[in-house]
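Each chain is listed here by its residues.
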Amino acid sequence: LKDSLQRNVDRKKDCDEKKDIIFAEDNSDDYFIGCVHDQMKQVLRSLNDMSRNLVSLTDRMDKFRKRMNEKDPITGKTRYGPSTFARVGKMLDCYASLSMSIDICFTNEKKGLVLMLQEFCSAEEKKREEEKQKTEAQIQLAFKSKLMDEKIAAGNKIEAEMKEKAKLEADKAEVARLAEEARRQKMVIVEIERQEQDKQRVADLNFMNSVEKGEVGVKKQLAVLREESDDSKAHMQAITSLHTIFSQISSHPEEIKFRKIRRDHSKFQEDISRHQGGKELLIASGFRLTDVDGVACFYCKEPNIENDMDGWSDWFNLLKRTMELIEEDMMK
């Protein structure tokens, strides 16, 4: 028992020297106490085992003791020889010493060793149980805290998703509102454009109806063009441009590109359209104001020669006659 306690002291010393390697500084003492507790339990088990073994040997020891006291009735000598007698006596002395020691350990007077060990072990086991319960309570608290954090995080996530969904719905509604507003504005613009186009068509129709058609109309517009032009150079440029137009059509009547003039073409505006009589001459010679592929143009439509030979001839002859009249005007 003394050796066991000394080993515990040595173990404590060794723990103190190596605690920075093996143990954390804040629990090295607890570890030592745990080691002592485990060894005290082992000592207590050993004492209990020894006590039971000594009890089981009581009858045998009584027999040995009785045998030692018996003598041979004839010789008067002891039953054992000197050597055996000495060994048996030594064994009985050891048994008596062990029995007395065990009795001292298990006595209740002034707290025997066994009682002290039991109290120590009970106190340590109680402490361990309390620490275990404390640890379990901490684990349970940490688990509940984690669950609460997870619930809060889940709630925050749901709230964020709901806000995002609400934002998307609001954005969707705003997009729909803007789309509807754009659609209405487009309808207004389309309506305004349609009205403008209607006005332009009416104006164009009135303009075309105001111009006399045919050779007579061409001559009148040539005269107007000459009279209204205060610049001979500008007049000559207009006449020359008109001659180019009708010369190309006469040479290639089947080519649409020569019979189509964009109204907003800068060259056309500069050379012909800005002069009084320029646009009118085109109308008089067979051109019409219309849209071609969505573009406002002066367009001279060629009659179908297969279905209307006379109409095509009249159309072509007027073009050629217009070119001749322009050439005559250029010679003046």
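Residues numbered from 1 in each chain as written. Predicted model: local features only at pLDDT ≥ 70, side-chain atom pairs only at ≥ 80, totals over all residues. Heavy atoms only, no water.

Asks: Sorry, what's going on with the environment of Met330 here?
Replies: Structurally, Met330 can be placed in helix 9 (residues 309–331). In this structure, the C-alpha to C-alpha distance between Met330 and Ile239, residues 91 residues apart in sequence, is 6.9 Å. The contacts of Met330, once residues within four sequence positions are left out, are Met236, Ile239, Thr240 and His243. (Helix = DSSP H or I, 4+ residues; strand = E, 2+ residues; numbered from the N terminus. Contact = heavy atoms within 4.5 Å.)

Asks: Is there a simple way to explain the environment of Thr84 in this structure?
Replies: Locating Thr84 in the fold gives a position in helix 3 (residues 82–106). In this structure Thr84 comes out as partly exposed when scored by relative accessible area, which is 28%. In this structure, the C-alpha to C-alpha distance between Thr84 and Met68, residues 16 residues apart in sequence, is 9.7 Å. (Buried < 20%, exposed > 50% of the residue type's maximum accessible area, 1.4 Å probe, protein only.)

Asks: Explain the side chain of Ser250 to me, please; I cannot follow it from the model alone.
Replies: Looking at the element boundaries, Ser250 is found in helix 6 (residues 232–251). Assessed through its relative accessible area of 15%, Ser250 is described here as buried. Leave out the neighbours within four places in its chain, and Ser250 touches Phe316, Leu319, Lys320 and Met323.

Asks: Explanation requested: the nonpolar core in the structure shown.
Replies: Generally speaking, soluble globular proteins have nonpolar side chains that are buried together. One finds Leu242, Phe246, Leu282, Phe287 and Phe298 to be the most contacted residues of the largest nonpolar core, which totals 31 residues. Within the residue set of this core, elements represented by two or more residues are helix 4 (113–210), helix 5 (214–228), helix 6, helix 7 (266–273), helix 8 (278–284) and helix 9. Sort the elements by how many residues they give to this core and helix 9 lands first, with 7 residues. Look past the residues within four positions of Phe287 in its chain and what remains in contact with it is Ile245, Phe246, Ile249, Arg259, Ile261, Leu282, Phe298, Tyr299 and Cys300. The next biggest cluster of nonpolar side chains, apart from the first, holds 13 residues, and it includes Met40, Val43, Val88 and Tyr95. (Core = buried A, V, L, I, M, F, W, Y, C linked by side-chain atoms within 4.5 Å.)

Asks: How should I be thinking about unusual backbone geometry in this particular structure?
Replies: Backbone geometry follows two general trends: most residues other than glycine have a negative phi, and most peptide bonds adopt the trans configuration. Of note in this structure, Asp293 is not a glycine but carries a positive phi near 55°. Relative to the elements of secondary structure, Asp293 occurs in the loop between strand 2 (288–292) and strand 3 (295–299). Judged by relative accessible area, Asp293 falls into the exposed class, the value being 73%.

Asks: Can you help me understand the pattern of salt bridges in this one?
Replies: Pairing is possible between side chains that carry opposite charge, provided their charged atoms lie close to one another. Enumeration according to the criterion identifies 23 salt bridges in this entry. We note a salt bridge from Asp198 to Arg201, for which the minimum N-O separation is 2.2 Å. Of this pair, Asp198 and Arg201 both sit in helix 4, separated by 3 residues, roughly a single helical turn. Classification of Asp198 by relative accessible area gives partly exposed; the value is 25%. (Salt bridge = Lys/Arg side-chain N within 4 Å of Asp/Glu carboxyl O.)

Asks: I'm lost on the packing of aromatic side chains in this one. Help?
Replies: Inspection of the entire model under this criterion finds 5 aromatic pairs. Pairing Trp312 with Trp315 gives two aromatic rings, centres 5.9 Å apart and planes at 55°, and the pair type is tilted. Placement of the pair is Trp312 and Trp315 together in helix 9, with a separation of 3 residues, close to one helical turn. The class for Trp312 is buried, based on a relative accessible area of 15%. Trp315 gets classed as buried once you look at its relative accessible area, which sits at 9%. Ring geometry for Trp315 against Phe316: centres 6.5 Å apart, planes inclined by 45°, an arrangement best described as tilted. For Phe316, a relative accessible area of 14% puts it in the buried group. (Phe/Tyr/Trp six-rings, centres within 6.5 Å; stacked < 30°, edge-to-face > 60°.)

Asks: Help me understand the pairing of strand 2, please; the structure alone is not making it clear to me.
Replies: Note on strand geometry: in a regular strand, side chains alternate between the two faces of the sheet. Direction of pairing for strand 2 relative to strand 3: antiparallel, over a ladder of 5 bridges. Bridged to Leu289 within strand 3 is Phe298. Counted between consecutive antiparallel strands, the loop separating strand 2 from strand 3 contains 2 residues, among which Asp293 sits at a positive phi close to 55°. (Pairing = 2+ DSSP bridges.)

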